Amino acid sequence: MTLTLALVQILNGLQFGLILFLIAAGLTIVFGVMDFINLAHGVQYMVGAYLAAAFTALTGSFVLALALALPSALIFGLVLELLVFRHLYERDHLSHVLATFGVIIFLNQAVKLVFGAAPLSVPVPELLSGTVTLAPGMLYPVYRLVVIGAGLAVALLLYLTVNHTRLGMLVRAGASNAPMVSALGVNIRLLFTVVFGVGAMLAGFAGAMVAPILSVEPGMGDNVLILAFVVIVIGGIGSIRGAFVAALLIGLVDTLGRFFAPTLLRALLDPASASQTGRAIAPMLIYILMAAVLFFRPTGLFPAKH
Amino acid sequence: MADVPGVSGNDEAEPATSMAGSRRRGQVLPIVVFAALALVPFAAALGGGDFVLALVTRTMILAIAAMSLDLLIGCGAMISFGHAAYIGLGAYSAGILSSHGIDDAFVQLAAALASAGLFALATGAISLRTRGVYFIMITLAFGQMLYFLFTSLAAYGGDDGLSLASRSTIVGWRLLESDLALYYLVFAVLGGLYLALRALIASRFGRVLRGIRENPVRMQAIGFSPYRYQLTAYVIAGLIAAVAGWLLANQSGFVSPAYVGWQRSGDLIFMVVLGGLGSLSGAIIGAAAFTLVAEFLSGLTEYWGMIFGPLLILVVLFARGGLAGLFRSGS
């Protein structure tokens with residue numbers, strides 16, 4: 001029974017980690033290629049979730065909503081790039097932090113104005129709403145398995161694109177030396193814009209995928225953004241491989257920590273204070289992990305080579 | 001840290017390079033600011049009353065925190081995105097001790113300074129091993145760590161926060177129950193810390209810190225350890241922000257994890273940049289402009305963030321040098 005429970009938690013951790021990867025991947029490419037800190041990346045995840053919710057209500061089909069939400073998230077990212085971010089690339093990191101902070105404040109309120117402050121819920125598509133028996137006595141929701149599958153598929157697609165296509169080659173080259181790539185006749189502005197749009201779309205995809213399992217509400221991107229930062233700092237900024245490893249690590253540590261910390265502490269403390277301390281320590285675990293990683297490797301696990 | 005260009009304007013802090021004339025101009029602004037603040041209670045007594053007094057008190061408290069952050073960002077080019085954590089430590093020192101019946105200001109302040117000092121020493125020691133964007137993000141993460149710690153303190157209100165039964169007492173004396181007394185205490189602390197920070201920035205310590213900002217390798221080559229100077233500044237800034245937190249808890253009669261959220265840290269950075277990096281009176285003006293604009297807009301509409309957010313972007317894009325820069329532009 002405990003083993004089954006542990007397996008379910010591992011799957012939950014994996015699912016959370018893959019969602020984090022989808023968000024962190026865009027964040028880390030944008031930073032790696034453009035040296036741009038985008039705090040507003042979390043609201044792009046929120047926008048993805050709201051788009052999925054709105055289109056589901058409109059069309060009645062989650063799959064159709066997803067198909068509409070993806071290009072919408074892409075366009076949304078491009079508009080943001082055009083209006084705000086494009087004017088900030090040449091500026092220092094402090095300006096990036098502040099201006100994108102302004103974008104967050106604006107969009108969190110805008111979403112509240114348009115959709116209301118109350119959380120929206122998106123029904124799990126009927127086809128995927130059941131559970132499957134993974135092992136005797138171990139049931140797992142189909143939809144969460146689909147999220148895991150989709151996350152892995154996108155990770156693979158991203159790996160192939162970055163490592164085996166011309167666009168990927170330019171992205172990698174841009175990450176190590178943007179002026180040189182520009183001097184070789186590549187339209188670096190266009191490349192930046194494309195990279196930015198794809199990053200926004202990945203975050204939007206993550207938001208749309210979690211819409212049926214989480215509540216869609218204003219500010220939902222803020223905490224996820226911090227987690228995505230933890231992921232890319234642990235993984236090494238600009239490294240997609242690092243983001244993948246770190247996202248799974250964070251997803252598992254967070255999910256398993258919340259689940260097992262009270263249980264483990266019960267061996268040392270009485271039940272009441274064990275669950276109290278466990279609840280206090282569990283959300284801090286990933287930050288402790290990050291501090292430990294940075295203490296030994298100040299540039300993360302897989303630092304991008306320059 | 002080479003990624004923070006344009007943080008060279010030090011009106012109060014660069015006696016060697018500024019001429020006598022611009023130096024005198026640099027003195028005018030703080031004198032005007034402090035004279036105006038000293039007179040606020042009289043104006044409040046004529047009209048506006050308690051609301052104005054409370055608003056200006058809160059503004060001055062935030063100004064204390066913004067000044068301490070300016071020591072880090074403006075003087076040391078250490079962009080800490082977790083500075084609200086120290087406000088939280090100061091505020092919770094008041095809240096937690098008060099809930100156990102310990103209302104003495106000195107005991108609470110000692111707890112605030114001890115906890116903030118230790119937290120700054122431990123997290124600063126790790127954060128300062130990193131550079132640039134890693135530093136921004138790791139300080140952000142440490143701030144969030146504390147945020148989650150406070151939300152999980154079920155015994156002290158958890159998510160909902162904690163109301164203080166009464167304001168702190170000074171050796172048993174309930175002086176601070178009077179809003180006017182609290183106002184002048186905050187005023188005195190702001191003035192005292194302004195002078196202290198000004199002296200610190202002008203001192204050898206401050207000059208080394210600014211030297212490290214410009215070129216850490218060269219400072220190391222001539223025999224200074226950048227790490228130790230930066231860590232010392234980091235701890236000092238944390239201690240000052242904790243005092244602000246303790247005052248904030250007393251002023252509002254309430255502490256909550258919301259004081260510590262990363263958005264609060266973002267607000268503080270914005271105040272410093274709005275006022276003008278590297279200028280202490282700029283930090284005060286920035287805090288004032290921030291709170292007043294936020295107060296005005298939130299009175300205007302529930303969705304004031306939709307105006308405030310774009311305003312912030314415009315300030316970043318067009319008002320380089322901040323508000324203090326406007327006063328200096330003639331020189």
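In what follows, the accompanying structure is described. A quick note: this is a predicted structure, and the numbers were derived from the prediction, not measured. (Residues numbered from 1 in each chain as written. Chains lettered and ligands numbered in written order. Predicted model: local features only at pLDDT ≥ 70, side-chain atom pairs only at ≥ 80, totals over all residues. Heavy atoms only, no water.)

Notes on the packing of aromatic side chains
Then step 1. With the rule as written, the count across this model stands at 28 aromatic pairs over all chains.
Then step 2. Their ring planes at 75° and their centres at 6.2 Å tell us that B:F135 and B:Y234 sit as a pair that is edge-to-face. Separated by 99 residues along the polypeptide, B:F135 in helix α5 (residues 132–151) and B:Y234 in helix α9 (residues 226–252) bring together distant segments of the chain.
Then step 3. B:F135 sits in the buried class, given a relative accessible area of 2%.
Then step 4. Judged by its relative accessible area of 4%, B:Y234 is buried.
Then step 5. An aromatic cluster is present here, built from A:F36, A:F85, A:Y89, A:F192 and A:F196 joined pairwise through their rings. (Phe/Tyr/Trp six-rings, centres within 6.5 Å; stacked < 30°, edge-to-face > 60°. Helix = DSSP H or I, 4+ residues; strand = E, 2+ residues; numbered from the N terminus. Buried < 20%, exposed > 50% of the residue type's maximum accessible area, 1.4 Å probe, protein only.)

Brief notes about the environment of A:A150
Then step 1. Note on placement: A:A150 falls in helix α5 (residues 142–164).
Then step 2. Excluding residues that lie within four positions of it along the chain, A:A150 makes contacts with A:F205 and A:M209. (Contact = heavy atoms within 4.5 Å.)

Some details on unusual backbone geometry
Generally, phi is negative for residues other than glycine and the peptide bonds are trans, each holding for most cases.
Then step 1. Positioned with a positive phi, A:D35 is a non-glycine residue whose angle comes to about 60°.
Then step 2. Looking at the element boundaries, A:D35 is found in the loop between α1 (2–34) and α2 (41–59).
Then step 3. The phi dihedral of B:A77 falls on the positive side, at around 55°, and the residue is not glycine.
Then step 4. Relative to the helices and strands, B:A77 is located in the loop between α2 (50–76) and α3 (84–99).
Then step 5. Of the residues examined, B:A77 reaches a relative accessible area of 3% and is grouped as buried.

Some remarks on the pairing of strand β1 (residues 131–135) of chain A
Residues and elements named next belong to chain A.
Then step 1. Of the pairings in the sheet, the one linking β1 to strand β2 (residues 138–141) comprises four bridges and is antiparallel in character. Bridged to T131 within β2 is P141.
Then step 2. Here β1 hands over to β2 after two residues, with G137 in that stretch at a positive phi of 80°. (Pairing = 2+ DSSP bridges.)

Observations regarding the nonpolar core
All names here are of chain A.
Then step 1. L39 and F85 are the most contacted members of the largest nonpolar core, which totals 204 residues.
Then step 2. Apart from the residues lying within four places of it in its own chain, the contact partners of F85 are F36, N38, A40, Q44, L80, T100, V103 and F196.
Then step 3. Within the second largest apolar cluster, seven residues are counted, among which are V8, L18, I148 and L248. (Core = buried A, V, L, I, M, F, W, Y, C linked by side-chain atoms within 4.5 Å.)

What about the interface of chain A and chain B?
Quite often, the size of an interface is put as the accessible area lost when its parts meet.
Then step 1. Taken residue by residue, the interface counts 48 residues in chain A and 44 residues in chain B.
Then step 2. Together chain A and chain B conceal approximately 4,200 Å² of surface at their shared face, both sides included; 78% is due to carbon and sulfur atoms.
Then step 3. The three residues of chain A that bury the most area against chain B are A:L94, A:L98 and A:F101, which together make up 15% of that side's buried surface.
Then step 4. Between the two partners, chain A and chain B, sit zero salt bridges. (Buried area = accessible area lost by both parts, 1.4 Å probe. Salt bridge = Lys/Arg side-chain N within 4 Å of Asp/Glu carboxyl O.)

Some thoughts on the packing of helix α4 (residues 105–127) of chain B against α5(B)
Residues and elements named next belong to chain B.
Then step 1. Where α4 meets α5, the axes come as close as 10 Å, and the angle between the chain directions of the two elements is 145°. Viewed along their axes, α4 and α5 form a crossing whose handedness is right-handed. Between α4 and α5, the contacting residues are F119, T123, I126 and S127 on the first element and F135, I138, T139, F142 and L146 on the second.
Then step 2. Tallied by class, the residues present in the contact of α4 with α5 amount to six nonpolar, three polar and no charged. (Axes fitted to C-alpha atoms, helices over the stretch in contact; angles between N-to-C directions. Left-handed = near helix turned anticlockwise from the far one by under 90°. Nonpolar A, V, L, I, M, F, W, Y, C, P; charged D, E, K, R; others polar.)

Some remarks on the side chain of B:S265
Residue and element names in this part refer to chain B.
Then step 1. By secondary structure assignment, the location of S265 is in helix α10 (residues 262–275).
Then step 2. Judged by its relative accessible area of 1%, S265 is buried.
Then step 3. In this structure the side chain of S265 is engaged in a polar contact, spanning 3.4 Å, whose partner is the backbone oxygen of F81.
Then step 4. Non-local contacts of S265, meaning those with residues more than four positions away in its chain, are made with F81, G82, H83 and A84. (Polar contact = N/O pair within 3.5 Å; in protein donor to acceptor, adjacent residues only side chain to side chain.)

Some details on the environment of B:G282
Residue and element names in this part refer to chain B.
Then step 1. Assignment of secondary structure puts G282 in helix α11 (residues 280–300).
Then step 2. For G282, a relative accessible area of 0% puts it in the buried group.
Then step 3. The sequence separation of G282 and A77 amounts to 205 residues, and the corresponding C-alpha distance is 16 Å.
Then step 4. Apart from the residues lying within four places of it in its own chain, the contact partners of G282 are G275 and A324.

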